[in-house]
Structure formats: structure tokens, C-alpha cells
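Listed below are the residues making up each chain.
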Amino acid sequence: MSLINRMRTGILIAGFLAFTPAIFAQQSKPQILTGKERLSQFEKYQDMKAASSLKDLKWQFLGPTNISGRCTDVAIVEPRGKSYTMYAATASGGVWKTENEGVSWTCIFDQQASTAIGDIELDPHNPQVLWVGTGEANIFRSSQAGCGIYKTTDGGKSWKHLGLENTFTISRILVSPKNSDIIYVAASGHEWTNNPDRGVYKTADGGKTWDKVLYVNEMTGAMDLVMDPSDSNTLYATTWQRIRKKWNDPRTEANYTGTGIWKTTNGGKNWSQCNEGIPAPGFRGRIGIDIARSNPKVLYAFLDNYEKIKDENETDNTDVYGRPSSGTIKGATVYRSADKGKSWTQVSGLTPEMKKYMQNHSVTYGWVFGQIRVDPKDENTIYTMGLGLNVSNDGGKTFRELEGMHCDHHGLWIDPGNTNYLVNVNDGGLVISYDQGKSWRSFTDNLPAVQFFTLNFDMGTPFKVYGSVQDHGSFSGKVDISHGRDKIWPVSFDYAPGGEGSHHAIDPRDPNIVYSAGFYGSINRENISTGENKNILPRVFDFEPPLRGQWLAPFFQSPHNPDILYHGMQYLFISKDQGNTWARISPDLTYNNPEKMGDIQYQSIFTISESPLKFGLIYAGTDDGRLHLTLDGGTTWKELTSQLAPDRWISRVVASKYKMGRVYVTQNGKRDDDFQVYIWKSEDYGATFKDISGNIPLGPVNVIREDPFDSKILYAGTDLAVYVSKNSGESWEVLGNLPTTYVHDLIVHPRDNILVIATHGRGIWAIDANLINKANERRRHYFQN
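Parameters at a glance
Residues numbered from 1 in each chain as written. Predicted model: local features only at pLDDT ≥ 70, side-chain atom pairs only at ≥ 80, totals over all residues. Heavy atoms only, no water. Salt bridge = Lys/Arg side-chain N within 4 Å of Asp/Glu carboxyl O. Helix = DSSP H or I, 4+ residues; strand = E, 2+ residues; numbered from the N terminus. Buried < 20%, exposed > 50% of the residue type's maximum accessible area, 1.4 Å probe, protein only. Phe/Tyr/Trp six-rings, centres within 6.5 Å; stacked < 30°, edge-to-face > 60°. Pairing = 2+ DSSP bridges. Axes fitted to C-alpha atoms, helices over the stretch in contact; angles between N-to-C directions. 1 Å grid on protein atoms, 1.4 Å probe; cavity = no way out; pocket = protein on both sides within 12 Å on 5 of 7 lines; lining within 4 Å. Points joined across faces, edges and corners; volume = space filled by probe spheres on them. Nonpolar A, V, L, I, M, F, W, Y, C, P; charged D, E, K, R; others polar. Disulfide = S-S within 2.5 Å. Polar contact = N/O pair within 3.5 Å; in protein donor to acceptor, adjacent residues only side chain to side chain. Contact = heavy atoms within 4.5 Å.

What am I meant to see in the pattern of salt bridges here?
When the charged atoms of two side chains lie near each other, side chains of opposite charge can form a pair. Using the criterion set out here, one finds 31 salt bridges in the structure. A salt bridge links D224 to R172, with the shortest nitrogen-to-oxygen separation between them at 2.9 Å. Residue D224 is found in strand β14 (residues 220–228), and its partner R172 is found in strand β10 (residues 170–175); the two are separated by 52 residues along the sequence. The same class applies to D224 and to R172, which are both buried.

What follows is the structure in C-alpha cells.
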């Protein structure tokens, strides 16, 4: 570069860094949609899908064919033996049905406004009638909001939406054994924000109208509900005051008063609290409840007990992820009532051995579980669900763990006619036992409700895709196009380096060199051919603030030199020697607000992109809504946040490969219960942004990518679908015949021109991108040759 050009470049950088973009800002203010507005926008999406010129393009399921995913409930047609029909509710992959006890499964609920399922319930009078409550009530970091309750009267062939669209999470449904028009629903409410649409609802006209019959406050929802088998007007409900913060898991605070156990004897007209014998409200976490059908006087409550056994000031106080803990609580505790809820007595953890057992039952994650079941024939045999599935045969005094299945348990059905027959749902799918838990049959090969977080690819032949999976770890699978681009077969995936919350970077020169993460920003380099593995996490001095990394802390190889790595925590780091040494090249790019720091890593970089056209031109977006740019490899930084939606998570930033000043940004409002569409484009390094969300009706938006061969083609992945724009974002079309699903990541392979998506609930899918960017076929062949 000549001296004159270097001077011009310096003037450009200095001028840009002095520029204040707010004068020209195009503001997009968040607007929280009501449930009815979400349904209306979803109808627009359905119309777009039907009218799309790309509607006939076929997505091909890639896999994995050897793992399943989180299920939240199961419903079995009774009596078993005369029927082998069962329904599985998945956390974010819809409802699945089998008529042959799992030999084959079919998804029957995957075209609705939400495919996140909280609970399902069969009508005891008609096995063709199934109620589906949407919105997972376990409120994981990756749980998705629902949009009310649905009903089928033909075994899942058709569905009708029947209200409660503002509840967002539904934890239990009960159909009266006396009258199929009477249904009770426990609604736990919004995950991230307060709202009044929570509590116990009742309909007496089959769902045409609903009455809220139990309400505490806008932070307290109903979590569990059980009916007395001898009196359908007597019900017990549990309520839970909770909210998930971006920096804390849901927890009980000392001033909370809404959590407890309630009882009605007149079908919900009046309720009374029945909390005698359980901890005070400030120590009550999530509560599960069940009744002994063999003796309805007996009930069990499974409570997440917040009474401390270790103070936060004690040393060596970390959780299972190595993060600082706010103290150790008693956790899983079982209480028994022998007088229909009038009083409760603690029955678990009364010996030193069982005390330790119960402390490890759910660790500090009791808010995830909270399910208990009583054997229909034996009031002293109870099952509790936590990290493991546990059984007691002496009324809760002692427990043992049932082994042989995946961990993290969320539901259990016990055959009332043969209590040796159990159906359990967990983070690994659905399993069946014919011998009361001694052995288990699983369905990992045909119930593909796999929850991917991330996606990347290598340059091998055939190429592999890598991704991390909720509660499974990381996996890779081959994308084999040798049989034809329209004949990509589903495959079994292999374990890959990395944990369940990991990005992956694969060296383009050697696909055996894989960079991956464990949790919250830890990073490793592994040679998968030799097994050599090295932790390469950047280090800070002991007098500096500890590093904060997101669950999916971003890192990637520079497009200019694969030996150069970037890694985002609250700072941006660079390594020029494959991670052996690091240099910090940014200040803290987050707001660094001490009031928003807790047990969850927050206020950290979530997305990074370096321009393929200019080394050192880097954008960094954070989870607390800030966007920064450096033009000089980190020497100076400019904030670009003012024109974006305030306080909304930066879900993706992409520096264009076609024009140096062009950049795309997406934001995700999920953690504010915001379903708006945020997609931005700048042509001048972020000095001004244009809203290019266009006609996409509903968010949140998780990812945007440029087409590798056509500068005008863009791809966007949302919590509903994949969209394509062929005119630089002026308008969008729905791509192909994909079911409603949560598209968390997508790539277009630059050599083979295959578009691959990672969904959170339906696994990995692929489509031939030649069908989209076919005008560039000649350029594609040129690239390959």
C-alpha cells in the first residue's frame, strides 16, 4: 500500500471513530406481543409458507439417528394390552405418537405456533381426544414459550386451538373422569417476565371459555395439579413464585410468599392453603404433588427446599459447572400427608446416608425437576425425578436410583393395571420398563427430538457437520451427497470434542484439528486422530476480574489465517499460534453492571465476526445488547449500539464477504418474552443501520448468513422456520417444507453448496442450495475446481 493510501486509510478510521451514528439512527422499539397477536402473526407465517415459491423444496433429515432429546410428558391409552398407543411430549419437538409401543413414531404436532410442550393429557372417556399444553414449564435456559392449549378429537390428525395463549407455559392438564367438558389446567406463566396469566384455569364447556379459579400474583404460577380419585371436585394444586433472570436460574427469594400447596373441595370455587409442616414460604422452591390412588387420604409433596446447609461465604462453594455458588441448600425433600393435606411430615433425608442422597438428588437444579409419582396400588412406593429416577418402597424413608437410562427426568407413567410397567421421559427421550425399573427399552433411533445449539462444518470429503446437543455433549455427522444431492441419508452421529454448550472450529487444512468448548467459555484444541487434547483458555491475573463466558461463548478461526483464533468472554482475545498464547484486544465490551451478575454467566460477548475482506475489521455483539467494531485489530473500538433495539441480545453479527463496509446483525428478544423480528443491515461499518426484517412476521431471530455465491441472497433462522431473501433483505420467503421448529444455527457449505440447519428439537436437516442460488452454478464449479 502506498503512503498516500495508508494516509487515506488512517483518515477514514479516525473519521469513522469520531462519527456519532445516532443522528441518522433508524430506531426499532421493542413491542411485546400478546398471545392473540402472536397467533395472528403465526397465521401470516402460514400464509407466507403456502404462497412461497420455494414451498416444494424438500428438506432432508440428516440425523442423528442414534440419540433422542428431552421429553416432558407421556400419555398412554388404557387399558394397555388392548391398545399399544402412546403419546410423547417433547420439550421443543412437538408431540409424537406410536400405535405399536414404540416400534415406530410419527410426529403429529409440528405445524403449530409453538412446538414446545409442557404437558399432555388423554380424555379418559375417548382415546382419540388428546389435550396439549404448550410451553415447557421446566424453564431451562433453552426452554421455549408456548402459545396456549390445543385439542385433537381424531388422534392427532387435526387440531384446534382453545385459548390460554398468554400463559406461555403449561405444567399440568387434568380431564374430569366424570365429565369430558371439565378440564383443569395448571399454568406456570411467563419464564422471563411477570404476567397475570398464570394459576389454575378451569373450563366447563370443553375449552370454549376458561375461568381462572386460583391466582396468587403475577410472579406465581401453578406447577402441579392432582385430583382425588374418590371425589373429582377435590383437587390439590401447588404454586411456585419464580422468574428466570438472564444472570440467575429461577430461585426462591427471602421475600417470596406465593409458593405453596392448595386444596379445593368444590371444583375450584374456593381454595385453602394446606402448608402445615412444610418450610416457610421463603424457603419453598418448586413443589410436585401426587396422591395415593389406593388410599386417597395419603399424599406426597416433593419440595425443593431452600433452607441452607452451606452459606455462600464458605470456601470451595461452586456448582457442578465450577461457577461460584450462592450457597448449598437442602434441595430435594419429600413430605407425606396422611390426612388429605391438613398436615405434612418430612419423610426423606432423616438419616445421614439419606440426607446426603437427597442433597445430591437434584443438586442445585431442583427447579428443573419437581415430579413425584405414587404407585397406584401401593401407597408406600413412590418415585421422584431428579438427575436420576429414584424409587422408595418405604414411604420415602429410603431411596435408590433406577439405572440404565439417560439422566434428568421429567415424567413417569405407571400402568394402574400392572405397576411393573413404567414409562419414563427424560433429557434422552422416552424409555419403557416391564420389570419395575430393573431394565429399560429406549427409542433413540426413531424419536429424533434432538436439541442442537450450534453448527459448523469441516472441509473433508464428504464434509462433516459439528454441533452441541442439550445434555448429550457434542456430535459430528457426515453429509454424504454421493448418492445424489436429493438423497442425503440420515446417519448416526459420532461423539465429537466439546460439551453440550459448545461452538466448534475445524481447521480447514486438517479436519482432525477441532477447537471446542466445555461450559461458559472454556476452550480446547484436540487432534481427533491422535486424541491429543489441550485446554487453551486464556488466563488472567489473580487480581483481575474473573472471565465471564456465555453458555455458548463464541470463538472462531480467522478467515485470513487458520492459526489465528478469536475468543469472546467479556473481553475479546486473539491468539496467533492456535491458542497456545493469547492477547486481550478489547476492554470489557459489556455494560458490566454489578446488579446483573449472579450464578449464570451474563454480560459477555455472544457473537463475533471478522471481515473476510480485511484482517482486523472485527464486530463483537454481547448478550446484554451492545455492539462494537474495531477497524484496527482491537487498538480502538467504536460502539454501534444506539440504533439497535435496546437491551436485546445480539444473536448474530456477520461481516459481509462481498463489501467491506457491509454487516448484518440480528437480535433475539426471547429473554424478554419479546417475539419481534430484529434483522439489521449496514453498508457503512455500522454508521447507519437499515431494518431488513421485511415481511418476516414473527421472531425471535437466531441466525443470519450470506449465500456464498450470490451477494443478494440471505438466509435467516428463527424460532419457526428458515427464510430466504433474494433481494438483499427487501423481502423474504419461507424455505421448503420444514416443520415448525427452532432453527438455532445454519451454514452453507462453501464447496458443496449444501445448506444445513441445526434445530433445537428436531435434529439436523439439509437442503440442496443449488435449488436456491442456481444462477451461480458456473461460479460454484469454478470454486470446486
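We are not done yet, so read on.
Which parts of the structure should I look at to understand unusual backbone geometry?
A negative phi holds for most residues other than glycine; trans holds for most peptide bonds. Here the bond from T461 into P462 is cis, since omega is -10 degrees, no more than 30 degrees from zero. Among the secondary structure elements, P462 is positioned in the loop between β30 (456–457) and β31 (463–469). In this model, G699 is joined to P700 through a cis peptide bond whose omega is 0 degrees. One non-glycine residue, E101, lies in the positive phi region at around 55 degrees. By secondary structure assignment, the location of E101 is in the loop between β4 (95–98) and β5 (106–109). Here E101 falls in the buried class, since its relative accessible area comes to 10%. Despite not being glycine, D471 shows a phi value in the positive range, around 60 degrees. For D471, the position within the fold is in the loop between β31 and β32 (473–479). The buried category is assigned to D471, whose relative accessible area is 15%.

Explain the packing of aromatic side chains here, please?
Any two aromatic rings considered together are summarised by their centre-to-centre distance and by the angle between their planes. Under the definition given, this model contains 23 aromatic pairs. Ring geometry for F519 against W551: centres 5.3 Å apart, planes inclined by 35 degrees, an arrangement best described as tilted. In this pair, F519 is assigned in the loop between β35 (513–517) and β36 (523–527) and W551 in the loop between β37 (532–535) and β38 (555–558), connecting sequence segments 32 residues apart. Under the relative-accessibility criterion, F519 is labelled partly exposed at 31%. Exposure remark for W551: the relative accessible area of 4% places this residue in the buried category.

Would you mind going over the sheet that holds strand β42 (residues 605–610) with me for this structure?
In spatial order, the strands read β42-β43-β44-β45; together these four strands make up an open sheet with antiparallel pairing. Where the open sheet ends on each side, the last strands, each with one partner, are β42 and β45 (638–639). Sheet analysis places β42 next to strand β43 (residues 618–622), joined by five bridges and oriented antiparallel. Looking across to β43, one finds that I608 is bridged to A620.

Any chance you could explain the sheet that holds strand β54 (residues 743–748) here in plain terms?
Neighbouring strands of a sheet are bound in pairs by backbone hydrogen bonds; such pairs are parallel or else antiparallel. With antiparallel pairing, four strands are arranged side by side in an open sheet as β1-β56-β55-β54. Both edges of this open sheet fall to β1 (60–63) and β54, since each of them pairs with a single strand only. On average, adjacent strands in this sheet sit at an angle of 25 degrees to one another, irrespective of strand direction. Relative to strand β56 (residues 764–768), strand β55 (residues 754–759) runs antiparallel, the two sharing five bridges. Looking at the pairing, I757 lines up with W765 of β56.

Just checking my understanding: could you explain empty space enclosed by the protein for this structure?
Rolled over the atoms, a probe with the dimensions of a water molecule shows which regions are left empty. Inspection of every chain in the model, using the stated rule, returns five cavities of 30 Å³ or more. If you add up the space inside the largest cavity, you get close to 110 Å³. Lining the largest cavity are 13 residues, with R38, F675, G699, P700 and D719 sitting closest to its centre. Tallied by class, residues from the lining of the largest cavity come to seven nonpolar, three polar and three charged. Taken as a whole, the second largest cavity encloses approximately 90 Å³ of empty space. Forming the boundary of the second largest cavity are T72, G118, D119, E136, A137, N138, S171, R172, R286, Q371 and H410. When contributions to the lining of the second largest cavity are tallied by element, the ones reaching two or more residues are β6 (117–123) and β10.

Is there a simple way to think about the state of the cysteines in this case?
By definition, a disulfide links two cysteine residues through a covalent bond between their sulfur atoms. Inspection of the entire model under this criterion finds zero disulfides. Here C407 is not cross-linked by a disulfide; its sulfur's nearest cysteine counterpart is in C71, at 14 Å. Taking relative accessible area as the criterion, C407 reaches 32% and is therefore assigned partly exposed.

Explain the side chain of Q470 to me, please; I cannot follow it from the model alone.
With respect to the helices and strands, the residue Q470 is situated in the loop between β31 and β32. A distance of 3.4 Å separates a polar atom in the side chain of Q470 from a polar atom in the side chain of D427. Q470 has contacts with R70, F140, S142, D427, Q451, F453, E500 and H760, leaving out every residue within four places of it along the chain.

Is there a simple way to explain the layout of surface pockets in this structure?
Volume-wise, the second largest pocket comes out at about 1,100 Å³. Taken together, 37 residues line the second largest pocket, and the ones lying closest to its centre are E78, E121, L174, R293 and W413. If you list the elements that add at least two residues to the lining of the second largest pocket, you get β2 (71–76), β6, β7 (126–134), β10, β14, β18 (284–291), β22 (371–374) and β26 (409–414). Among the residues making up the lining of the second largest pocket, the classes are represented as 24 nonpolar, two polar and 11 charged.

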